[in-house]
Amino acid sequence: MKQLLRLAFSLVFCLAACCPSLSVMAAEQSHPLVVRVRAFRGTASNYDQTKEYKYQVLKLILEKTEKTDGPFIIQAPQQELPQARDFEMVKQGYVDVILTSTSREREQELLPIRIPFDKGLYGYHIAIINESDQPRFSAVRSLEDLKKLWAGLNEIWPETKVFRDNGLRVVATSGYRELFSMLKERRFDYFPRVAHEPWRELRDMNIPGLAVETDLLIYYPTPGYIFTNKNNKKLADRLERGFRIALQDGSFDKLFYNHPDMKEVFQKANLKNRRVLVLENPSLPEQTPLNDKSLWYTP
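Residues numbered from 1 in each chain as written. Predicted model: local features only at pLDDT ≥ 70, side-chain atom pairs only at ≥ 80, totals over all residues. Heavy atoms only, no water.

**Comments concerning the pairing of strand 4 (residues 72–75)**
- Alternating positions in strand 4 separate cleanly, Phe-72 and Ile-74 being buried on one face and Ile-73 and Gln-75 remaining unburied on the opposite face.
- In terms of strand pairing, strand 1 (residues 33–36) meets strand 4 through four bridges, oriented parallel. Residue pairing in the sheet places Val-34 in a bridge with Ile-73 of strand 4. (Buried < 20%, exposed > 50% of the residue type's maximum accessible area, 1.4 Å probe, protein only. Helix = DSSP H or I, 4+ residues; strand = E, 2+ residues; numbered from the N terminus. Pairing = 2+ DSSP bridges.)

Given below as structure tokens:
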């Protein structure tokens, strides 16, 4: 009996000595990975479907690696910061993840997971206009026609640079909500929004006289990516692996096509029948996976 006990003790000792990674792995998996993100979902009185979609994407792809990489917790503040501050927070390591559209500058500062969480929908823009101006926009047949009108945008948004690089006139400000009142006051002619945004925003703002433009679709290629800190390669690896699994098993497409924010686009936007005005995107990084058609939505 003593010999058996000695043998068992020796085996346990050898395993512990030879495989310290087993105990480390067990310890890692017993403590959930905390993923700190920018504000999601808004508050109970200010629910935001777009943020909810981003939350669901992040949750889905982390769940895909839960068995291999362990449990996780997504932490998000209730109070939303200006987007420029969000980027600084990720760069400095106070926030782990941000989901937003890409650009050369953003990919230089942060580490992108180059799979479009929006299937490229960020590149499709539909304008909010003064309802009485619809005949002016129905008369727009070319990019040259659009150049006669003024767009209202935020100075730091990537689309502002794209619009200007294509010779379009832009009135830029540092805010967001005031763009609606500026449009109402006719300080510019149209407010281009990502295709899934205008209906929800008009409901939220409730400004009489503003409407979704019915005929035009402004397009340039640009994906929305998940970004992490450049030094957080372990998290980036887990996110990419989880995303690839969600693509392969169809669960990402199921989420994309059935989320209320996206379904509203397919039901109301009439993307297939709009006149498409195509812009160049000089800010698009060379590494963008444009040739992988499975990653992109096409009307």
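**A closer look at the sheet that holds strand 5 (residues 97–101)**
- Taking strand neighbours across the sheet as the criterion, the three strands line up as 5-13-6 in an open arrangement whose pairing is antiparallel. Each edge of the open sheet carries a strand with a single partner, namely strand 5 and strand 6 (111–113). For this sheet the average axis-to-axis angle between neighbouring strands, irrespective of direction, equals 35 degrees.
- As paired strands, strand 6 and strand 13 (residues 224–228) are joined by three bridges and run antiparallel to one another. Looking at the pairing, Leu-111 lines up with Thr-228 of strand 13. (Axes fitted to C-alpha atoms, helices over the stretch in contact; angles between N-to-C directions.)

**Here's the deal with unusual backbone geometry**
- Non-glycine residue Arg-186 carries a positive phi angle of around 60 degrees.
- By relative accessible area, Arg-186 is classed as partly exposed at 44%.
- Although it is not a glycine, Asn-270 adopts a positive phi angle of roughly 55 degrees.
- By secondary structure assignment, the location of Asn-270 is in the loop between helix 14 (260–268) and strand 14 (275–278).

**What about the pattern of salt bridges?**
- Applying the stated criterion across every chain yields a total of 26 salt bridges.
- One network of salt bridges, with partners in common, ties together Asp-133, Arg-136, Arg-186 and Asp-189. (Salt bridge = Lys/Arg side-chain N within 4 Å of Asp/Glu carboxyl O.)

**Re the confidence of the model for the chain**
- On average, residues of the chain score 86 in pLDDT, and 84% of them are at 70 or above.
- Here residues 41–47 is modelled with pLDDT under 50, and outside its nearest four sequence neighbours on either side it reaches eleven contacts, counting other chains as well. (pLDDT = per-residue confidence, 0-100. Contact = heavy atoms within 4.5 Å.)

**Section: the packing of aromatic side chains**
- Inspection of every chain in the model, using the stated rule, returns 18 aromatic pairs.
- A centroid spacing of 6.4 Å and a plane angle of 65 degrees characterise the contact between Tyr-53 and Phe-256, whose relative ring orientation is edge-to-face. Of the two residues, Tyr-53 sits in helix 3 (residues 49–63) while Phe-256 sits in helix 13 (residues 251–258), which places them 203 residues apart along the sequence. A single burial state applies to Tyr-53 and to Phe-256, both of which are buried.
- Judged by centre distance (6.5 Å) and plane angle (50 degrees), the ring pair of Phe-256 and Tyr-297 falls under tilted. Linking Phe-256 in helix 13 with Tyr-297 in the segment after strand 14, this pair joins segments that are 41 residues apart in sequence.
- The exposure class assigned to Tyr-297 is buried, which follows from its relative accessible area of 13%.
- Here the aromatic residues Tyr-53, Tyr-124, Tyr-219, Phe-243, Phe-252, Phe-256, Tyr-257, Phe-266 and Tyr-297 are joined through ring pairs into a cluster of three or more.
- The ring of Phe-256 is capped by Lys-119, whose NZ or CZ atom sits 5.9 Å from the centre of that ring. (Phe/Tyr/Trp six-rings, centres within 6.5 Å; stacked < 30°, edge-to-face > 60°. Lys NZ or Arg CZ within 6 Å of the ring centre and 35° of its normal.)

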